[in-house]
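Here are the chains, one letter per residue:
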Amino acid sequence: MDIRPRVILQLVHEAVVDAGVNPTVFRGTNTGVFLGASGDGILSLSGRISSAFGLKGPSQTVENGSQDSSVALFNALQALRSGSIEAAIVAGVQINPTPCPQVQLSPDGKCKPFDANANGIVPAEAAVVIYITSKDSAKRNYATLVNAGSNLSDSKTPTEQFLIKLYADSKISPGDVAYVEANGTGIKSDDQEEAHALATALSAGREGSLIIGSVKANVGHAGPAAGVVGLAKVLMFHRSSQVPQNVNFESPNPHIPGLADGRLSLTPKKGPFDGKYAAVNSIAKDGTNVHVILKLAPKEVVLMALPPVPVFVPISGRTSAGVEYQMRQTLNRIRNKHFVGMLHEAYKINIPQHPFRGYVLSSRTESKQNIGNRLSGFISPLWFIFTGLGNQWVGMTKDMVKFKTFNDSIQKSAKILKEKEGYDLLQVLESTDPAYLDDFKNSIAAITSVQIALMDLFNVIGIQPD
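Remember, predicted model here, so these are calculated numbers, not experimental data. (Residues numbered from 1 in each chain as written. Predicted model: local features only at pLDDT ≥ 70, side-chain atom pairs only at ≥ 80, totals over all residues. Heavy atoms only, no water.)

### Things to note about the packing of helix α12 (residues 404–421) against helix α14 (residues 440–461)
Worth spelling out the cut-off: For every element, the axis is a line fit to its C-alpha atoms; helices are fit only across the contacting stretch, and the angle between N-to-C directions ranges from 0 to 180 degrees. Here a helix means four or more residues in a row that DSSP labels H or I, a strand means two or more in a row labelled E, and each is numbered from the N terminus. Just so you know how the angles are binned, under 35 degrees is roughly parallel, over 145 roughly antiparallel, 65 to 115 roughly perpendicular, and the rest oblique. Handedness of a crossing is defined here by the sense of rotation of the near helix relative to the far one, left-handed for an anticlockwise turn of less than a right angle and right-handed for a clockwise turn. For this analysis, residues touch if any pair of their heavy atoms sits within 4.5 Å. Amino acids are sorted into nonpolar (Ala, Val, Leu, Ile, Met, Phe, Trp, Tyr, Cys and Pro), charged (Asp, Glu, Lys and Arg) and polar (every other residue, Gly among them).
Orientation of α12 relative to α14, taken along the N-to-C sense of each, is 140°, at an axis distance of 8 Å. On the basis of the axis angle, α12 is oblique to α14. As for the relative orientation of α12 and α14, their crossing is right-handed in sense. Of the residues in α14, those in contact with Thr405, Phe406, Ser409, Ile410 and Ser413 of α12 are Ser449, Val450, Ile452, Ala453, Leu454, Asp456, Leu457 and Val460. Split into classes, the residues belonging to the contact of α12 with α14 amount to eight nonpolar, four polar and one charged.

Okay, here's the thing in structure tokens:
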């Protein structure tokens, strides 16, 4: 399987469970999928997610060159507000199975947003999935999406005017925003323009500097996934109450007045954070600007007094190690009312592909945990996935023809093609010239005949797909 859908499907499951939603209950809901990605074979990826989880909402893949996930997030929020969906999966993925050309690369491999020595971007890979629903339906809350705006590339509105109007429409004072996760690519001209807009639009009514930063200094530019990577950074440092350091920053870009006059500041080292509002700013290569305003959820933990009757928390997982880990986490947080409630919600119904069971039992005087044996009769389904073009190579049958069944199958295919089409399959498979497999017809014939031979071999061995 292509690594992109495999990773995204796994992360969707993790995001849903982390939100306190049972995957069985999740199936069949009117949930939309909004994916930001680029590259070959990604246009159908959002639909694949919807199909895999049985979701009934719209499926949309955004591809505009960069910051696709930010546009996807904006579209998801509009759909939620219109009432056309009850929840949304917003995802961004950038995985490069092969090297891809980039422009304005940093020659030293370091991204330096807003720095005097900024000299280009650093490409990165990332995959992020976020589950969004209404506040009333949420089982767990990291932050509230107050508003999101998009200033399209053909708009005549300058960026600072777009931001001023967005905050006015949101009824949020720009001075209340404690941090902005900026686009900050490390390209001087881009950083200067963005910093000017942020300083102009968000300095009104502010005491002190607006803290800005860019995760691209830490991990690089994740292209279409960059927007949700920045959002994930904000949510993570909010929970830890610590703003991460802007690495690679030595001296401010002298062409950014906001840094010189104190309207903007960067954190040279890790520091405390207790802001109520934050924002994520994204700018695509085509000029599209997406700005997301977040109201950060309170971090206070609601502790409950353990009742006379012990608190029981059921847990399940794909592996015994996974169940043991979750049991330890549960015991450490057994008095956290929201956490225990989330686990009760997530594990109240059987989760498919979870053959291991365990539980935590805790009272005022003692706590214990237990994990049972693997469920009897549980068999993980076996799938055969047939690939298309791209995985043919010279000598692909050289070792496999040593197996009689495999060789007989190849010979049979070769005979049929020779008699009916005058096509020499064996010459293609036995050739050491890579040019043979550059031909479309040869590639298809080679891959298909090998797949048939593998199926024949598996059948003799007794391996059957479910």
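### Re the side chain of Glu194
Which entries qualify depends on this criterion: Working definition: with a 1.4 Å probe on protein chains only, accessible area under 20% of the residue-type maximum means buried, over 50% means exposed, and in between means partly exposed. We count Lys and Arg on the positive side and Asp and Glu on the negative side, and we leave His and both chain ends out. Any Lys or Arg side-chain nitrogen found within 4 Å of a carboxyl oxygen on Asp or Glu counts as a salt bridge.
With respect to the element layout, Glu194 can be found in helix α6 (residues 188–202). Buried charge Glu194 goes without a salt bridge, the closest partner of opposite sign being Lys216 at 7.3 Å.

### What to know about the side chain of Thr330
The topology assignment puts Thr330 in helix α10 (residues 320–332). Filtering out sequence-adjacent residues up to four positions away, Thr330 remains in contact with Val313, Ile315, Phe339, Leu343 and Val360.

### Observations concerning the pattern of salt bridges
All told, the structure shown has eight salt bridges when counted by the stated rule. Lys112 is the salt-bridge partner of Asp108, the closest N and O atoms lying 2.7 Å from each other. For Lys233, the salt bridge identified is with Glu181, shortest N-O distance 2.9 Å. Here the residue Lys233 occupies a position in helix α8 (residues 226–240), and Glu181 occupies one in strand β6 (residues 177–181), the gap between them amounting to 52 residues. As far as burial versus exposure is concerned, Lys233 and Glu181 are alike and both buried.

### Focus: the packing of helix α5 (residues 159–170) against α6
Direction vectors running N to C along α5 and α6 enclose 40°, while the axes themselves pass 8 Å from each other. When the axis of α5 is compared with that of α6, the two are oblique. Note on packing geometry: the crossing formed by α5 with α6 is right-handed. Residues Thr159, Glu160, Leu163, Ile164 and Tyr167 of α5 form the contact with α6, whose participating residues are His196, Ala197, Leu198, Thr200, Ala201 and Leu202. For the contact of α5 with α6, a count of residues per class yields seven nonpolar, three polar and one charged.

### Notes on unusual backbone geometry
Positive phi, normally seen in glycine, also occurs at Phe114, with a value near 65°. Residue placement: Phe114 occurs in the loop between β3 (87–94) and β4 (126–133). Classification of Phe114 by relative accessible area gives buried; the value is 0%. One non-glycine residue with positive phi stands out, namely Ser241, at about 60°. Residue position: Ser241 is located in the loop between α8 and β8 (242–243). With a relative accessible area of 22%, Ser241 lands in the partly exposed category.

### Some remarks on the sheet that holds strand β15 (residues 367–371)
Put simply, the rule is: Pairs of strands are assigned from DSSP output, requiring at least two bridges between the strands.
Taken in spatial order, the three strands of this open sheet run β13-β14-β15, and their pairing is antiparallel. Lying at the two open borders of the sheet, with one neighbouring strand each, are β13 (311–317) and β15. Along the sheet, successive strands turn relative to each other by an average axial angle of 15°, direction set aside. In this structure, β13 lies alongside strand β14 (residues 356–362), joined through seven bridges in antiparallel fashion. Residue pairing across strands places Val313 opposite Val360, the latter belonging to β14.

### Examining the environment of Ala143
Within the secondary structure, Ala143 sits in strand β5 (residues 143–151). Assessed through its relative accessible area of 23%, Ala143 is described here as partly exposed. Residues Ala143 and Val177 lie 34 residues apart in sequence; the distance between their C-alpha atoms is 14 Å. Apart from the residues lying within four places of it in its own chain, the contact partners of Ala143 are Leu235, Lys295, Leu296 and Ala297.

### Focus: helix α3 (residues 45–53)
Working note: α-helix, 3.6 residues per turn, so residues spaced by three or four point in the same direction. Selection criterion: Think of the arc as the fan of directions from the helix axis to the C-beta atoms.
Within α3, burial applies to Leu45, Ser46, Ile49, Ser50 and Phe53. Buried positions in α3, seen along its axis, are confined to an arc of 150° and lie on one side of it. Elements in contact with the buried residues of α3: α1 (3–18), α2 (23–26), β1 (31–36), β2 (59–62) and β3.

### Brief notes about the sheet that holds β3
An order of β2-β1-β3-β4 is seen for the four strands of this open sheet, with the pairing classed as mixed. The two strands at the open ends of the sheet, each matched to only one other strand, are β2 and β4. This sheet shows a mean twist of 15° between the axes of neighbouring strands, independent of strand direction. Relative to β4, β3 runs antiparallel, the two sharing eight bridges. Pairing of Ala87 across the sheet is with Thr133, part of β4. Strands β3 and β4 of the sheet are contacted by α1, whose axis makes an angle of about 35° with β4. Across the sheet, α3 lies against β1, β2 and β3, angled at about 150° from β2, the strand it touches most.

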